[in-house]
Amino acid sequence: IVIVRHPVSVCVPVNHTVTLSVRAEGTGQLQHQWFTDDENVVLQSGRTTMLVFGARGPDLTVKAKKTRLYVCRVHDHFDNVVFSDWVKLKVLDIDKTGRQVCQRTGRGEPHIAVNPEPQTVQPGANFTLRCAAFGIPTPHYQWYRNGQELADGTGDTLQIDGATEEHAGSYLCSISNVLEERWTEAVETPNAAWPESLTQQENDVYLFSYTQSEFSVLIFVLATDKVALLIGNLNYSNHPKLMAPIMDVHELSNHLQHLGFRVVSLLDLTRDEMLASIMHFINLLDKGVYGLFYYAGHGYEHAGRNYLVAVDAPQPYRPENCVCVQRVMLSMQKKHTALSVILLDTCRKWYNQDCVPSCITALGPSGNTVYGYATCEDAEAFEVQDGRKSTGIFTKYLNMHILESEKVTHVLEKVSEDLGRDTLVTGKQVVEIKHTLKEPRSLADPVRTAGHTMELHLRDICWSQANVLPRKKQMLFLCGVEVEISFSALYTNVLVVFATLKSTGDKTQDCTVTLASIPPMEDVFSGPSRSGEMDTLILKSSDNPDCTLRICSLQKLKESLVIKVNLHYTHVTSHRRQTETQQVDIGKPLAASCKLYK
């Protein structure tokens, strides 16, 4: 008899139903009998075992009550007998630790149930870090300190005896099985009494500085990913139009991308489109992820809640025509993000106090949430025009400081101080900051690239779906003229198409090219009432094209987008003005692929 597949050890929650399996080959019909290690009934390999009654098949299905060992005996009619490997059914009763565990079905990939806790350790003291995870098969554990693998850290518990300065740093654990690898949250073990000789840990995870009698620690926590959604509303149907979101969203988007954020930036959304984009954003969040939501546009406050006004909101508007900020933050908290930041460059005037505020439960005490308000309660937020550039005053100073590697609340405090010195808004606008940070989180914290999980892969797919541009197109016309069509994304729902004459041939002269889209997409940022700021952004993103076409509101596109290229030229021989036309189908680019209209 040959066992071709042994059972595998598993780790599951209490009362979880699990199946252990063995597969064997031999002559004739094989018989199976499972045993467990509970009582002294049968001796096998020096281990005390007890027969599991009724368990006479190759698969054993049990409801996990407590941790036990199992083995299967396989025999045939010729009295040949073999035993499978011993396997452990490990049961975690997480309820006893007071932790809420997400019970979700899966293929058996590791699910972290207990993360290690940060500790402050005295020199010479002992300390213990513990984590736990479900998985089928049972996950393997590997601990790291400051990115370096610990040779003796291969269990769910890491014991350090006699802590010294070399034990300070960031600890995390890789938890993996054959299906997937996942990582715990990073925890810090600073010590307030270690000497100034400790200056910098490896991989720039820590930067320590010693001043006088104080030991200050600036911690660069590792995020598993960073995701941002930026919305700017300016072209309102029933309310005064704004100017600032054009530049504010664009510049902030560039800064956040520099900080390693996956950014989706959208202009001029209806309420349904706002809710749909927020839903996509929330779905990208997960444990360990930094999430940032920014809004610039009209807004108001009512009964302690902030509302964002959609471009299609009627006059007067009510909560049901707007988006509740606190509901967005609650959704972010439910994803157990490592950091949730909401930045609002909007007014907070009390509005329509007779209407009923939207119903929302209180925020949970999960911590690591930050609100940055452009202005205080019952006050307005202002935008100014500096030359040809319009900007919200709050975002103007936010963009000055956001790249700094400081605690996010410290960055906002600098914004508040700068705005407070601006004579244009003295006595009119004051930044307000609310937060529940329990760790020194910074927007510049590095992203942990090791341990790419399924969630990270899905974020890659969803983010790319909304941001990948169509490829360049080379178009050769019958007259011999070659035109290159290229693309640029100023925002996730604003596409710019460039046409450049690459060669004119021998039969043509005075060549010009024009572009159009099918279906026609209105350019809401053109016209005499606009400041030309969008045109300035276009010029920065292209090398002197012969023609440009700006396509806005891609989130409304329900069918493939076709670019129509019209080539106008004078024929050298006949001297007649002629036109040739070609079309290129570019599918559903950028935000169009997200189908926010649904």
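Our structure is the block above this text.
Figured I'd write up the structure that's included with this text. (Residues numbered from 1 in each chain as written. Predicted model: local features only at pLDDT ≥ 70, side-chain atom pairs only at ≥ 80, totals over all residues. Heavy atoms only, no water.)

### Remarks on the packing of aromatic side chains
Note the following rule: In this scheme Phe, Tyr and Trp rings, the latter by its six-membered ring, pair at centre separations within 6.5 Å, and the angle between planes marks the pair as stacked below 30 degrees, edge-to-face above 60, and tilted otherwise. Per the convention used, a helix needs a DSSP run of H or I reaching at least four residues, while a strand needs a run of E reaching at least two, with both numbered from the N terminus. Each residue gets one of three labels from its accessible area relative to the maximum for its type: buried under 20%, exposed over 50%, partly exposed in between, using a 1.4 Å probe on protein chains only.
Evaluation of the coordinates by the stated rule reveals six aromatic pairs. Where Phe 127 meets Tyr 171, the ring centres are 6.1 Å apart and the plane angle is 80°; that geometry is what we call edge-to-face. Residue Phe 127 is located in strand E13 (residues 127-130), and its partner Tyr 171 is located in strand E18 (residues 170-176); the two are separated by 44 residues in the primary sequence. Since its relative accessible area comes to 4%, Phe 127 is described here as buried.

### Brief notes about the pairing of strand E40 (residues 577-585)
Let me state the cut-off plainly: Should DSSP find at least two bridges between two strands, the strands are taken to pair.
As paired elements, strand E39 (residues 562-571) and E40 share nine bridges and run antiparallel to each other. Along E40, the bridge assignment pairs Ile 563 with Val 584. Between E39 and the antiparallel strand that follows it, E40, lie five residues; His 575 among them carries a positive phi value of about 60°.

### Brief notes about the sheet that holds strand E30 (residues 369-373)
To be explicit about the condition: Only C-alpha atoms enter the line fits that serve as axes; for helices the fit covers just the stretch in contact. Angles between N-to-C directions range over 0 to 180 degrees. Contacts are assigned to residue pairs with any non-hydrogen atoms lying within 4.5 Å of each other.
Across the sheet, which stays open at both edges, the six strands sit in the order E24-E23-E25-E29-E30-E33 with mixed pairing between neighbours. On the outer flanks of this sheet lie strand E24 (262-267) and strand E33 (432-435), each paired with one strand and no other. Each neighbouring strand pair of the sheet contributes to a mean axis angle of 10°, computed without reference to strand direction. Against the sheet, helix H4 (residues 393-401) makes contact with strand E25 (289-296), strand E29 (339-345) and E30, and its axis sits at roughly 135° relative to E29, the strand it touches most. Across the sheet, helix H5 (residues 408-420) lies against E29, E30 and E33, angled at about 10° from E30, the strand it touches most.

### What to know about the sheet that holds strand E28 (residues 322-324)
With antiparallel pairing, three strands are arranged side by side in an open sheet as E26-E27-E28. Each having just a single partner strand, strand E26 (299-302) and E28 make up the two edges of the open sheet. Mean inter-strand twist for the sheet, computed between neighbouring axes without regard to direction, equals 30°. Relative to strand E27 (residues 305-309), E26 runs antiparallel, the two being bridged by four bridges. By the bridge assignment, Tyr 300 is partnered in E27 with Tyr 307. Taken strand by strand, helix H2 (residues 271-283) contacts E27 and E28, and its axis lies near 30° from that of E28. Contacting E27 and E28, helix H3 (residues 325-334) runs over the sheet at an angle of about 45° to E28.

### Details of the state of the cysteines
As a reminder, the rule being used: Our working definition of a disulfide is a cysteine sulfur pair at a distance within 2.5 Å.
Counted according to the given criterion, the structure contains zero disulfides. Cys 511 takes part in no disulfide bond, and the closest cysteine sulfur to it belongs to Cys 479, at a distance of 6.3 Å.

### Details of unusual backbone geometry
Here Gln 315 and Pro 316 are connected by a cis peptide whose omega angle stands at 0°. Counting through the fold element by element, Pro 316 comes out in the loop between E27 and E28.

All quantities given are derived from atomic positions and should not be read as evidence of function.
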